[in-house]
Amino acid sequence: MEIIKPNLSEYQKRILFSSARFTITEASTKAGKTYSHIMWLYGKAHEHQSAINHNYWWVAPVYNQAKRLLRNQIIFMVKMFMLVCLMKHQEQDQKLGML
C-alpha cells in the first residue's frame, strides 16, 4: 500500500528534518504537532527493511493521553485503509465494465 505523505508547513519541516540528535517541540494546541510527528515516526518505522523488529516509541505526559492518541490514530488508519480498498475495488469494477 502506498503511503501518501502529508503536506508539512515550514516550521514542521524544520523540526522533523533537523540534523540535531534531539528536538523539542513547543507549540499551541491545534498547531499540527501530533499529526506531523506521528507521520514522521510511522515513516521511520517503515523506511527500511532493517527497521523490522525495532521499537519505536511515542511518549506522552500521561498514559491516558498516549492511549487516546493511539486509539484515535488506529481508527483513522483503519478507515483510510478501508477507503483505499473500496476505491481500488471500484476501479477494478470500472475496468471490467469497459471490457
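We now turn to the structure provided with this report. (Residues numbered from 1 in each chain as written. Predicted model: local features only at pLDDT ≥ 70, side-chain atom pairs only at ≥ 80, totals over all residues. Heavy atoms only, no water.)

**Examining the overall build of the protein**
At step 1: Summing up its helical and strand segments, the protein has three helices and zero strands in all.
At step 2: Listing every helix and strand of the protein by position from the N terminus yields α-α-α.
At step 3: Every one of the 99 residues in the protein was classed for burial, and the buried ones make up 11%.
At step 4: Summed over all atoms, the accessible surface of the protein reaches about 9100 Å², with 60% contributed by carbon and sulfur. (Helix = DSSP H or I, 4+ residues; strand = E, 2+ residues; numbered from the N terminus. Buried < 20%, exposed > 50% of the residue type's maximum accessible area, 1.4 Å probe, protein only. Areas by Shrake-Rupley, 256 points an atom, 1.4 Å probe, with all protein chains shown as cover.)

**Side note on the side chain of His37**
At step 1: On the secondary structure map, His37 appears in helix H2 (residues 33-45).
At step 2: Classification of His37 by relative accessible area gives buried; the value is 19%.
At step 3: Side-chain polar atoms of His37 contact the side chain of Ser36, separated by 3.1 Å.
At step 4: Leave out the neighbours within four places in its chain, and His37 touches Ile15, Leu16, Thr25 and Trp58. (Polar contact = N/O pair within 3.5 Å; in protein donor to acceptor, adjacent residues only side chain to side chain. Contact = heavy atoms within 4.5 Å.)

**Quick notes on a nonpolar patch on the surface**
At step 1: The grouping of Phe76, Met77, Met80, Leu83, Leu86 and Met87 at the surface amounts to a nonpolar patch, some 540 Å² of accessible area in total.
At step 2: Within the secondary structure, Phe76 is located in helix H3 (residues 63-98).
At step 3: Residue class for Phe76 comes out partly exposed when judged on its relative accessible area of 40%. (Patch = residues over 30% accessible without salt bridge, like charges linked within 9 Å, V, L, I, M, F, W, Y side chains within 5 Å. Salt bridge = Lys/Arg side-chain N within 4 Å of Asp/Glu carboxyl O.)

**Observations regarding the pattern of salt bridges**
At step 1: Tallied over the full model, the rule gives one salt bridge.
At step 2: Its salt-bridge partner being Lys13, residue Glu10 comes within 3.7 Å of it at the nearest N-O pair. Of this pair, Glu10 and Lys13 both sit in helix H1 (residues 10-16), separated by three residues, roughly a single helical turn.
At step 3: The exposure class of Glu10 is exposed, given its relative accessible area of 52%.

**Remarks on the layout of surface pockets**
At step 1: Space inside the largest pocket adds up to approximately 1200 Å³.
At step 2: Around the largest pocket, the lining comprises 31 residues; the ones closest to its centre are Lys33, Thr34, His37, Trp58 and Val59.
At step 3: Only H1, H2 and H3 provide two or more residues apiece to the lining of the largest pocket.
At step 4: Here the lining of the largest pocket is composed, by residue class, of 16 nonpolar, eleven polar and four charged. (1 Å grid on protein atoms, 1.4 Å probe; cavity = no way out; pocket = protein on both sides within 12 Å on 5 of 7 lines; lining within 4 Å. Points joined across faces, edges and corners; volume = space filled by probe spheres on them. Nonpolar A, V, L, I, M, F, W, Y, C, P; charged D, E, K, R; others polar.)

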